[in-house]
Amino acid sequence: MSRYPARSEQGFTLPELLTVALIIGILAAIALPAFSHERGKGQDAAARSDAAEVAAQMEQCRVGTDDFGDCDTATKLDAELGSAPGVTYGSGAGTLDVESTTPSTFRLRARSTSGASYTIARPPTGPTDRTCTPHGTGGCPPDGTW
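An account of the accompanying structure is given in this report. (Residues numbered from 1 in each chain as written. Predicted model: local features only at pLDDT ≥ 70, side-chain atom pairs only at ≥ 80, totals over all residues. Heavy atoms only, no water.)

**Re the pairing of strand β1 (residues 96-101)**
Thinking step 1. Sheet topology places β1 next to strand β2 (residues 106-111); five bridges connect them, and they run antiparallel. Paired with Asp 97 across the two strands is Arg 109, which belongs to β2. (Pairing = 2+ DSSP bridges. Helix = DSSP H or I, 4+ residues; strand = E, 2+ residues; numbered from the N terminus.)

Structure below.
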């Protein structure tokens, strides 16, 4: 004989189910805003990566051509280096644009799908300037440099 009496019905009671649903709802309300913020930071990281990749390839290309103007498109980079960056060129969200070049300088801008903009400007001498807008949101630090 069993020590436990047989139950005709098994399962959770309505108050137990409501309690679990309430707890899940509270956790979701807390977590979703945090995750949506992280999504924008990820999109910004992709734009920064694209900008850095193209800037590095332009620097490498210039060694052979001695002019950044010969390195400002994926086609020109592919012709000189044998590989093109996996970046979409353009002026919309999620694209990169080489805004200006001279033999010794360049300026490019990567636009994140989150709306942020990341710029790399290489002067003739001195360090490369990396700026972003809007300051203090997503992956752009409050001082606007990355």
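**Here we look at the pattern of salt bridges**
Thinking step 1. Enumeration according to the criterion identifies six salt bridges in this entry.
Thinking step 2. A salt bridge links Glu 38 to Lys 41, with the nearest nitrogen and oxygen atoms 3.8 Å apart. Taken together, the residues Glu 38 and Lys 41, both in helix α1 (residues 14-65) and three residues apart, mark about one turn of the helix.
Thinking step 3. In this structure Glu 38 comes out as partly exposed when scored by relative accessible area, which is 42%.
Thinking step 4. Residue Arg 111 pairs with Glu 99 through a salt bridge whose shortest N-O separation is 3.9 Å. In this pair, Arg 111 sits in strand β2 while Glu 99 sits in strand β1, placing the two residues twelve residues apart along the sequence. (Salt bridge = Lys/Arg side-chain N within 4 Å of Asp/Glu carboxyl O. Buried < 20%, exposed > 50% of the residue type's maximum accessible area, 1.4 Å probe, protein only.)

**What about the sheet that holds β2?**
Thinking step 1. The four strands are arranged β1-β2-β3-β4 in an open sheet whose pairing can be described as antiparallel. Single-partner strands in this sheet number two, and they are β1 and β4 (129-133). Neighbour-to-neighbour, the strand axes of the sheet open up by a mean angle of 15°, direction not taken into account.
Thinking step 2. In this sheet, strand β3 (residues 117-122) lies alongside β2 in antiparallel orientation, the contact comprising six bridges. Bridge pairing links Ala 110 to Tyr 118 in β3.
Thinking step 3. The strands that α1 touches are β1, β2, β3 and β4; relative to β2, the one it contacts most, it runs at about 155°. (Axes fitted to C-alpha atoms, helices over the stretch in contact; angles between N-to-C directions. Contact = heavy atoms within 4.5 Å.)

**With respect to the packing of aromatic side chains**
Thinking step 1. A full pass over the atoms with the stated rule returns two aromatic pairs.
Thinking step 2. Taking 4.9 Å as the distance between ring centres and 70° as the angle between the ring planes, the aromatic pair formed by Phe 68 and Phe 106 counts as edge-to-face. Of this pair, Phe 68 sits in the loop between α1 and α2 (74-81) while Phe 106 sits in strand β2, and the two are 38 residues apart along the sequence.
Thinking step 3. Measuring from centroid to centroid gives 5.8 Å for Tyr 118 and Trp 146, while their planes differ by 90°, and the two rings are edge-to-face. You can see Tyr 118 sitting in strand β3 and its partner Trp 146 sitting in the segment after β4, a full 28 residues away along the chain.
Thinking step 4. On the accessibility criterion, Trp 146 (24% relative accessible area) is partly exposed.
Thinking step 5. Between the NZ or CZ atom of Arg 130 and the centre of the ring of Trp 146, over which it lies, the distance is 4.7 Å. (Phe/Tyr/Trp six-rings, centres within 6.5 Å; stacked < 30°, edge-to-face > 60°. Lys NZ or Arg CZ within 6 Å of the ring centre and 35° of its normal.)

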